[in-house]
Amino acid sequence: MELAIKIFQFILSISILVVLHELGHFLPAKWFKTRAEKFFLFFDPWFSIFSMKKINGKWQYKFLSKNLPDTETIVVDGKEKEVPIDISKLSDNDWRKHPEQTKYGIGWLPFGGYVKIAGMIDESMDKEQMKKPAQPWEFRSKPAWQRLIIMLGGVTVNFFLAWIIFGSLSYFNGETSFDTTKVETPMHYTNVAKAMGFEDGDKILKVDGKVQNNLDKLSLDILLSDQITVLRKGKEVTFNTNDDGKALAFKDENPKAFLNPRYAPVIDTIVNPKTAEAGLKVGDQVVSVNGQKINYYDELQGVVIKNAGKAINMEVLRAGAVQPLSLEVSKEGTLGIASYKQLEKFANTQHFTVVQSIGRGFTRSIESLTYQVKQFKLVFNKKVQGYKKVGGPLAIIKNMPVQKSKDGAVSINWSLFWSFTAMFSVWLAFLNLIPIPGLDGGHVLFTLWEVITGKPVPQKVLENAQMIGVIFLLGLMLLIFGSDIFKALTGSL
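Reading guide: rules and limits
- Residues numbered from 1 in each chain as written.
- Predicted model: local features only at pLDDT ≥ 70, side-chain atom pairs only at ≥ 80, totals over all residues.
- Heavy atoms only, no water.
- Helix = DSSP H or I, 4+ residues; strand = E, 2+ residues; numbered from the N terminus.
- Rg over C-alpha atoms; globule rule 2.2 N^0.38 Å.
- Contact = heavy atoms within 4.5 Å.
- Pairing = 2+ DSSP bridges.
- Axes fitted to C-alpha atoms, helices over the stretch in contact; angles between N-to-C directions.
- Expected span 1.5 Å × (residues − 1).
- Buried < 20%, exposed > 50% of the residue type's maximum accessible area, 1.4 Å probe, protein only.
- Parallel < 35°, antiparallel > 145°, perpendicular 65-115°, else oblique.
- Left-handed = near helix turned anticlockwise from the far one by under 90°.
- Nonpolar A, V, L, I, M, F, W, Y, C, P; charged D, E, K, R; others polar.
- Patch = residues over 30% accessible without salt bridge, like charges linked within 9 Å, V, L, I, M, F, W, Y side chains within 5 Å.
- Areas by Shrake-Rupley, 256 points an atom, 1.4 Å probe, with all protein chains shown as cover.
- Salt bridge = Lys/Arg side-chain N within 4 Å of Asp/Glu carboxyl O.

S.K.: Which residues make up the overall build of the protein chain, and what are the values?
M.R.: A tally of helices and strands in the protein chain yields 15 helices and 22 strands. Here the protein chain has a C-alpha radius of gyration of 29 Å; the compact-globule value for 493 residues is 23 Å, and the former is much larger. Considered along the principal axes of its C-alpha atoms, the protein chain spans approximately 100 × 50 × 50 Å. Contacts in the protein chain between residues at least 24 apart in sequence constitute 67% of all its contacts with a sequence separation of at least 6.

Below, the structure is given as structure tokens:
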């Protein structure tokens, strides 16, 4: 059930992003009287799951229909030649006879979607159409400024979508963050953090010269940083973050888990019946384990893990008196206890008015994009090897957020779903603007060249560039998807 919900969320999020992105191209094309031949959610090589088209004022529908060719082979001077099909010879019910109407549909390959605009060199590589004289309803016959608007429409919609979603989340839900200024004791630094350069007792002052009071952002800022300033033994010390430590962080399932706040080991949750039967109660404060004094909850976790599969002697403070207990630690190194309520005192929730949420939506969109772009330095770092954490559709599905109730029921956490969709939307906007042929940024680059020089890029150059871009993108998709499959087979996904 959990997997089904994750897959549903992934398909829903991608569908929303793709449809709105393509609408960003489709609507300006219609405004400028440019013919859009196809509008598809997901790709449809060979056949489509569903399609529809308005013929003679009436909508017609098809299910699991095979794609019919737009060209035919004829013999000229004894040689075969592929030419556009003669639509005058087709029956009136043949959809190909009505190219002025857009064909809408759903493909079967969930790697995106597309709008096929007449007179434009795109992934369809329809060279035969481009050999004909330009028609007034074709993309290539439109002024450069109109073509630029059509091509930028998709990324513009993606950015505004992220802006609207982030702004709505800030207005309706507010923003809850872990405020490090409320942490009175020094942070707990794992061995990973110490490998980066931290020492026990350090108080973080600045990351690359900037103050960061949000714990989630602080962890990420440290991973992306070059220098950290801390208060160490009463003195302000600045050190360079060690890439070896960052590499260790990326080997963990959660790379940001190297930094944790310290709080008293007061038990507020017990989910293991055996632990409760042994005498541990909610409200107990752990004093010692096997004679070792426990001051903080992270110290308790460390001792318990070391005694996996063994019995431990624990002393707890209850109603002012010390109580001795004997508890069994699971083979996984857990007792089935937690101290969630201790963390609540560090939480800070901020609410926003409608006007404020508009500004927050924009800020969060830019912030999300900035963090994602900065992570490239970790992806291409030889020591950190962040590329090993890069995943494709399977990895994304695995990490889709779900909400679990106490009885084990799984449901969608809509706040996290929309947050993910907004983050993904602004990321797609950035990726599509990269000037690679085959992406929107490639078309924008060639159009800007025409605007600046006053001369269009030669048709042959456009065709060759598009072919190279498509091959590169297909290769990249295969590499990422292949990596997902390999990780799934080896259990490292």
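S.K.: Which residues make up the sheet that holds strand 10 (residues 203–207), and what values do they have?
M.R.: With antiparallel pairing, 3 strands are arranged side by side in an open sheet as 10-11-12. Sheet topology places strand 10 and strand 12 (235–240) at the edges, where each strand pairs with a single neighbour. On average, adjacent strands in this sheet sit at an angle of 30° to one another, irrespective of strand direction. Looking at chain direction, strand 11 (residues 227–232) and strand 12 are connected through 6 bridges and run antiparallel. Directly across from Gln227, in strand 12, lies its bridge partner Asn240. On top of the sheet, helix 5 (residues 215–223) reaches strand 10 and strand 11; it is set at about 65° to strand 10, its chief contact.

S.K.: Account for helix 14 (residues 440–453), naming residues and giving values.
M.R.: Here helix 14 contains 14 residues, and its C-alpha end-to-end distance of 20 Å stays within 8% of the 20 Å for a straight helix at 1.5 Å per residue. Turning to helix 14, its buried residues are Asp440, Gly441, Gly442, His443, Val444, Thr447 and Glu450. Positive phi shows up at Gly454, right after helix 14, with a value of about 80°.

S.K.: For the packing of helix 3 (residues 144–173) against helix 10 (residues 354–374), give the residues involved together with the corresponding values.
M.R.: At a minimum axis separation of 7 Å, helix 3 and helix 10 run at an interaxial angle of 125°. Considered as vectors, helix 3 and helix 10 are oriented oblique to each other. Two packed elements cross with a definite hand, and for helix 3 against helix 10 that hand is right-handed. Here Phe159, Ala162, Trp163, Phe166, Gly167, Leu169, Ser170 and Tyr171 of helix 3 come into contact with helix 10, specifically with Val354, Ser357, Ile358, Arg360, Gly361, Phe362, Arg364, Ser365, Ile366 and Ser368. Tallied by class, residues from the contact of helix 3 with helix 10 come to 10 nonpolar, 6 polar and 2 charged.

S.K.: Quick rundown of the side chain of Ser219? Include the residues and the values.
M.R.: In this structure, Ser219 sits in helix 5. Apart from the residues lying within four places of it in its own chain, the contact partners of Ser219 are Lys256, Phe258 and Leu259.

S.K.: Can you tell me about a nonpolar patch on the surface, naming the residues and giving the values?
M.R.: On the surface, Trp46, Phe47, Ile49, Trp59, Tyr61, Phe63, Leu64, Ile106 and Trp108 cluster together into a nonpolar patch covering about 990 Å² of accessible area. Elements supplying a minimum of two residues to the nonpolar patch: strand 2 (47–55) and strand 3 (58–66). At 4 residues, the largest contribution of residues to the nonpolar patch is made by strand 3. With respect to the helices and strands, the residue Trp46 is situated in the loop between strand 1 (36–43) and strand 2. Judged by relative accessible area, which is 65%, Trp46 ranks as exposed.

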